[in-house]
Amino acid sequence: MSEAKFTKGKWVLNSNSHGDILFICPESDYVICEIRSAIGVDRHNAKLIKTAPEMYKALEELLSLTLSLQPADDHSNYDPEADADIIRARAVLAKARGE
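Since we're looking at a predicted model, the values are computed, not measured. (Residues numbered from 1 in each chain as written. Predicted model: local features only at pLDDT ≥ 70, side-chain atom pairs only at ≥ 80, totals over all residues. Heavy atoms only, no water.)

Peer 1: Now, about the nonpolar core: what can you tell me, with residues and values included?
Peer 2: If you look at the biggest cluster of nonpolar residues, it comprises 6 residues: Ala4, Tyr56, Leu63, Ile86, Ala89 and Leu93. Looking at this core, the elements with two or more residues in it are α2 (52-68) and α3 (84-96). In contact with Tyr56, other than residues within four places in its own chain, are Ala4, Phe6, Leu93, Ala96 and Arg97. In terms of nonpolar packing, the next biggest core, distinct from the first, is built from 5 residues, Trp11, Phe23, Ile35 and Ala46 among them. (Core = buried A, V, L, I, M, F, W, Y, C linked by side-chain atoms within 4.5 Å. Buried < 20%, exposed > 50% of the residue type's maximum accessible area, 1.4 Å probe, protein only. Helix = DSSP H or I, 4+ residues; strand = E, 2+ residues; numbered from the N terminus. Contact = heavy atoms within 4.5 Å.)

What follows is the structure, encoded as structure tokens:
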């Protein structure tokens, strides 16, 4: 798994005088992206986009925890590498990293 290259940390929403929504990294005041003339559904999409870094981190931690709960001496037939949910979680994380 490669390192995530997106802007880490909590993103905040702001707007400019034209009503555009700005996504800002508060540690640097860096504008990550903007949605021009955001109205209606755009505002709901902005809230989803804003939480993307937190969702990525949560999924990464949940995947790690899930894999760590499999005991080394487990003699069941469970194979986490073949588990559809594990495969899907890894694929989503890879997609977010641009892989």
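Now that the structure has been shown, we can carry on.
Peer 1: Can you explain α2? Please cite residues and give values.
Peer 2: Note: α-helices contain 3.6 residues per turn, so residues at a spacing of three or four share the same orientation. The end-to-end C-alpha separation of α2 is 24 Å, in line with the 24 Å expected for 17 residues at 1.5 Å each. When we look at burial in α2, the residues that qualify are Pro53, Tyr56 and Leu63. With its buried residues spanning 95° around the axis, α2 presents them on a single face. (Expected span 1.5 Å × (residues − 1). Arc of directions from axis to C-beta.)

Peer 1: Got a sec to walk through the environment of Leu59? Specific residues and values, please.
Peer 2: Examined against the element boundaries, Leu59 turns out to sit in helix α2. Between the alpha carbons of Leu59 and Leu93 there is a distance of 7.8 Å; along the sequence they are 34 residues apart. Not counting residues within four places of it along the chain, the set of residues in contact with Leu59 comprises Ala89, Val92 and Leu93.

Peer 1: How would you sum up the side chain of Arg97? Please name residues and give values.
Peer 2: For Arg97, the location among the structural elements is in the segment after α3. A polar contact is formed between the side chain of Arg97 and the side chain of Tyr56, at a distance of 3.0 Å. Reaching out from Arg97, the side chain makes a polar contact with the side chain of Glu99 at a distance of 2.9 Å. (Polar contact = N/O pair within 3.5 Å; in protein donor to acceptor, adjacent residues only side chain to side chain.)

Peer 1: Got a sec to walk through a nonpolar patch on the surface? Specific residues and values, please.
Peer 2: On the surface, Leu62, Leu65 and Leu69 cluster together to form a nonpolar patch covering roughly 310 Å² of accessible area. On the secondary structure map, Leu65 appears in helix α2. Looking at Leu65, the relative accessible area reads 46%, which means it is partly exposed. (Patch = residues over 30% accessible without salt bridge, like charges linked within 9 Å, V, L, I, M, F, W, Y side chains within 5 Å. Areas by Shrake-Rupley, 256 points an atom, 1.4 Å probe, with all protein chains shown as cover. Salt bridge = Lys/Arg side-chain N within 4 Å of Asp/Glu carboxyl O.)

Peer 1: Can you explain the pattern of salt bridges? Please cite residues and give values.
Peer 2: Summed over all chains, the structure comprises 4 salt bridges. Here Arg88 and Asp85 are joined by a salt bridge, their closest N and O atoms 3.6 Å apart. On the criterion of helical spacing, the pair formed by Arg88 and Asp85 is a turn pair, its members being 3 residues apart in helix α3. The closest approach of N and O atoms between Glu99 and Arg97, which form a salt bridge, is 2.9 Å.

Peer 1: How would you sum up the pairing of strand β3 (residues 30-35)? Please name residues and give values.
Peer 2: When strand β2 (residues 21-25) meets β3, the two strands line up antiparallel, connected through 5 bridges. Counterpart to Ile24 in the pairing with β3 is Val31. Two successive antiparallel strands, β2 and β3, enclose a turn made up of 4 residues, where Asp29 displays a positive phi of approximately 60°. (Pairing = 2+ DSSP bridges.)

Peer 1: Tell me about the environment of Val12, residues and numbers included.
Peer 2: Assignment of secondary structure puts Val12 in strand β1 (residues 12-15). Residues Val12 and Lys47, spaced 35 residues apart in sequence, show a C-alpha to C-alpha distance of 9.3 Å. Setting aside chain neighbours within four positions, we find Val12 in contact with Leu22, Phe23, Ile24, Pro26 and Lys50.

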